[in-house]
Amino acid sequence: METSTQAPEPAPDRTPASGPAPRTAAATATTVPAQATAPEAPAGGSAPAAPTTDHEPAADTTVDTSTADTSGAAETSAAAEAVPGAAAGAGREGAGGGGRPAAPPVSLSPSRAGDFMQCPLLYRFRVIDRLPERPSEAATRGTLVHAVLERLFDAPAAERTAPRARALIPGQWDRLRESRPELVELFADDADGERLARWLSEAERLVERWFTLEDPTRLEPAERELFVEAELASGLRLRGIIDRVDVAPTGEVRIVDYKTGKAPRPEYAEGALFQMKFYALVVWRLKRVVPRRLQLVYLGSGDVLTYDPVPADLERIERKLLALWEAIRLATETGDWRPRPTKLCGWCDHRAHCPEFGGTPPPYPLPLAPAAPSPQGRMGAD
Ligand code: SF4
């Protein structure tokens with residue numbers, strides 16, 4: 001595996017802007033424009049660490065993209081803003097869909113795949129039961145930072161400065177609160193506003209750090225917050241939201257994802273790349289182009305992790321996803337969703353329903369088929 005963690009990356013070439021970025025999962029296109037920006041390269045993962053902020057799209061159970069939910073694992077984004085009631089704690093991807101009827105999963109996103117690999121029971125609670133989750137400060141800050149970085153590209157290149165980005169924060173925070181009223185509970189007990197001020201200040205710090213890692217005056221993204229969805233030959237539907245797609249004049253594609261957490265230690269880099277290879281596979285299947293580079297920008301630690309995939313990488317991730325989907329299918333039919341306790345349980349909103357913590361899951365809401373051996377205990381990250 002050819003990964004690299006680098007400090008300030010080389011400035012990418014500039015490319016013509018390509019129209020307004022898709023703002024919501026519901027409205028986004030499912031293709032990557034075949035034109036030009038200047039790329040660089042990739043990453044994704046799951047070290048035993050607190051969920052930070054990724055974001056992805058809609059819940060795996062959504063059939064109609066027009067109703068895609070966008071909660072998910074950390075770093076929610078503007079996409080989540082379009083989903084009233086989406087669980088902030090779940091990020092942009094669509095966990096905790098509260099209120100909708102239970103339904104079998106019909107597609108897979110990186111966050112939900114990560115849920116299943118982390119703990120099958122967590123996947124059930126988020127995707128099948130759609131239990132509500134409390135908004136978290138970290139995930140909500142990730143959503144806010146993503147929104148600011150996305151909106152900054154609305155400005156002419158020369159005006160994409162750190163002060164301008166900082167100035168976007170209050171307005172984007174207002175928008176976020178308006179679109180997700182449940183966020184009011186985050187600072188409900190913060191009478192003097194001190195905690196909110198610290199939280200906003202941390203968001204500023206993350207935004208400012210981005211300018212030490214990339215130079216937005218030299219970038220012209222082909223897409224921002226791009227909802228992608230592809231169906232594999234097996235019928236498995238993959239979906240996700242890509243933070244930014246750069247396309248070089250040569251046609252080379254770079255997929256970029258922002259993380260407000262810290263870069264993983266090298267031994268966990270492969271896990272971190274899972275999400276990015278997932279996106280690369282989707283883009284490959286949609287456009288028949290293997291992205292030249294996958295790039296993770298860690299605003300929490302000031303690192304950039306890149307990876308240049310080859311077709312064999314993506315074929316491998318496809319095989320892995322098919323195995324994962326088969327395990328999910330079996331668990332869905334049998335109702336056999338096993339808890340897998342780890343350090344991450346400390347961040348799980350569902351301990352009260354988890355047998356590992358003395359809880360009882362709600363009645364299984366789907367029809368059951370006869371039990372069969374499940375491979376879910378053998379799943380791991382990439
Ligand atoms: S508390 Fe831990 S074991 Fe239980 S559902 Fe949550 S992640 Fe899984």
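All values reported here derive from a predicted model rather than from experimental measurement.

Caption draft 1: Main features of the overall build of the protein chain. On a plain count of helices and strands, the protein chain comes out with eight helices and seven strands. Across the 382 residues that make up the protein chain, the buried fraction comes to 51%. At a minimum sequence separation of 6, the contacts of the protein chain that also span at least 24 residues come to 75%.

Caption draft 2: Here's a closer look at the site of the ligand. Close to the ligand lie 14 residues, the nearest being C119, P339, C345, C348 and C354. Of the residues that constitute the shell around the ligand, the class distribution is ten nonpolar, one polar and three charged.

Caption draft 3: The arrangement of unusual backbone geometry in detail. The residue R130 is not glycine, and still its phi comes out positive at about 55°. By the element assignment, R130 lies in the loop between helix 3 (120-128) and helix 4 (137-152). Here the phi dihedral of E225 falls at roughly 50°; this positive angle occurs in a residue that is not glycine. Assignment of secondary structure puts E225 in strand 3 (residues 223-231). A residue is classified by how many C-beta atoms lie within 10 Å of it, and E225, with 27 of them, is buried.

Caption draft 4: Fine view of the pairing of strand 4 (residues 237-247). Counted residue by residue, strand 4 has ten buried out of eleven residues, so it is predominantly covered. The pairing of strand 2 (residues 107-108) with strand 4 spans two bridges and is classified as parallel. Within strand 4, the position partnered with S107 by the bridge is R237. As paired elements, strand 3 and strand 4 share eight bridges and run antiparallel to each other.

Analysis parameters
- Residues numbered from 1 in each chain as written.
- Predicted model: local features only at pLDDT ≥ 70, side-chain atom pairs only at ≥ 80, totals over all residues.
- Helix = DSSP H or I, 4+ residues; strand = E, 2+ residues; numbered from the N terminus.
- Buried ≥ 20, exposed ≤ 12 C-beta atoms within 10 Å, placed from the backbone.
- Contact = placed C-beta atoms within 7 Å.
- Near = placed C-beta within 6 Å.
- Nonpolar A, V, L, I, M, F, W, Y, C, P; charged D, E, K, R; others polar.
- Pairing = 2+ DSSP bridges.

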